[in-house]
Amino acid sequence: QVQLVESGGGLVQAGGSLRLSCVVSGRTVTNAAMGWFRQAPEKEREFVASIRWTSTSTYYADSVKGRFTISKVNAENTVYLQMNSLKPEDTAVYYCAADFPPVGYAMIPSSYDYWGQGTQVTVSS
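Residues numbered from 1 in each chain as written. Predicted model: local features only at pLDDT ≥ 70, side-chain atom pairs only at ≥ 80, totals over all residues. Heavy atoms only, no water.

## Details of the pattern of salt bridges
With the rule as written, the count across this model stands at four salt bridges. Put simply, aspartate 90 and arginine 38 hold a salt bridge, and the shortest N to O gap is 2.9 Å. A residue pair is termed long-range when its members are at least 10 positions apart, and aspartate 90 in the loop between β8 (78-83) and β9 (92-99) and arginine 38 in strand β4 (residues 33-39) qualify at 52 residues. You'll find aspartate 90 and arginine 38 in the same group, each marked buried. Note that aspartate 62 and lysine 65 form a salt bridge whose closest N and O atoms lie 3.2 Å from each other. When salt bridges with common partners are traced through the structure, they connect Arg38, Glu46, Arg67 and Asp90 into a single cluster. (Salt bridge = Lys/Arg side-chain N within 4 Å of Asp/Glu carboxyl O. Helix = DSSP H or I, 4+ residues; strand = E, 2+ residues; numbered from the N terminus. Buried < 20%, exposed > 50% of the residue type's maximum accessible area, 1.4 Å probe, protein only.)

Following this line, the structure appears as structure tokens:
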């Protein structure tokens, strides 16, 4: 059974940084698209970033370009989201998602087969 477990969320002041982790268990990732999404209260889930497991291709939402970086460590079956220069509008529950194999559009939530439970990120002003 595939499981995605996020960690690294928390409370940070505006301008600060956090690094989120997503560990994939139950399956060795060899070919997938991994994505990060976020959902703020009373808002729809929105795309943040994605990465292809077999390449260095990355995609970012315009709102996070230049501030967030998605990366992976194949040997650890882990995807990271480094978040710098955080803003109060980045406050949301952040979810990790996996598309095995990567056949869908990276920015669309319905493309993904598996989801983590989410981790809360709160940025204070």
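## A few points about a nonpolar patch on the surface
Judged by side-chain polarity, Tyr105, Met107 and Ile108 come together as a nonpolar surface patch covering roughly 370 Å² of accessible area. Assessed through its relative accessible area of 65%, tyrosine 105 is described here as exposed. (Patch = residues over 30% accessible without salt bridge, like charges linked within 9 Å, V, L, I, M, F, W, Y side chains within 5 Å. Areas by Shrake-Rupley, 256 points an atom, 1.4 Å probe, with all protein chains shown as cover.)

## Notes on the nonpolar core
Membership of the largest hydrophobic core comes to 37 residues, with the highest contact counts inside it found for Met34, Trp36, Leu81, Met83 and Tyr94. Residue contributions to this core peak at five residues, all from β9. (Core = buried A, V, L, I, M, F, W, Y, C linked by side-chain atoms within 4.5 Å.)

## Structural notes on the environment of arginine 19
Locating arginine 19 in the fold gives a position in strand β3 (residues 18-25). With 63 residues separating them in the primary sequence, arginine 19 and glutamine 82 have C-alpha atoms 4.4 Å apart. Here arginine 19 is in contact with Ser7, Gly8, Tyr80, Leu81 and Gln82, once residues within four sequence places are set aside. (Contact = heavy atoms within 4.5 Å.)

## Overview of the side chain of asparagine 77
Here asparagine 77 is to be found in the loop between β7 (68-73) and β8. Judged by relative accessible area, which is 10%, asparagine 77 ranks as buried. For asparagine 77, the residues in contact, after removing those within four places along its chain, are Cys22, Val23, Val24, Arg27, Thr28, Val29 and Trp53.

## Structural notes on the pairing of strand β1 (residues 3-7)
It is a general feature of regular strands that their side chains alternate between the two faces of the sheet. Side chains of β1 alternate between two faces, with Leu4 and Glu6 buried and Gln3, Val5 and Ser7 left unburied. Pairing of β1 with β3, which is carried by five bridges, proceeds in the antiparallel orientation. In the strand pairing of β3, glutamate 6 is matched with cysteine 22. (Pairing = 2+ DSSP bridges.)

By themselves these figures say nothing about function.
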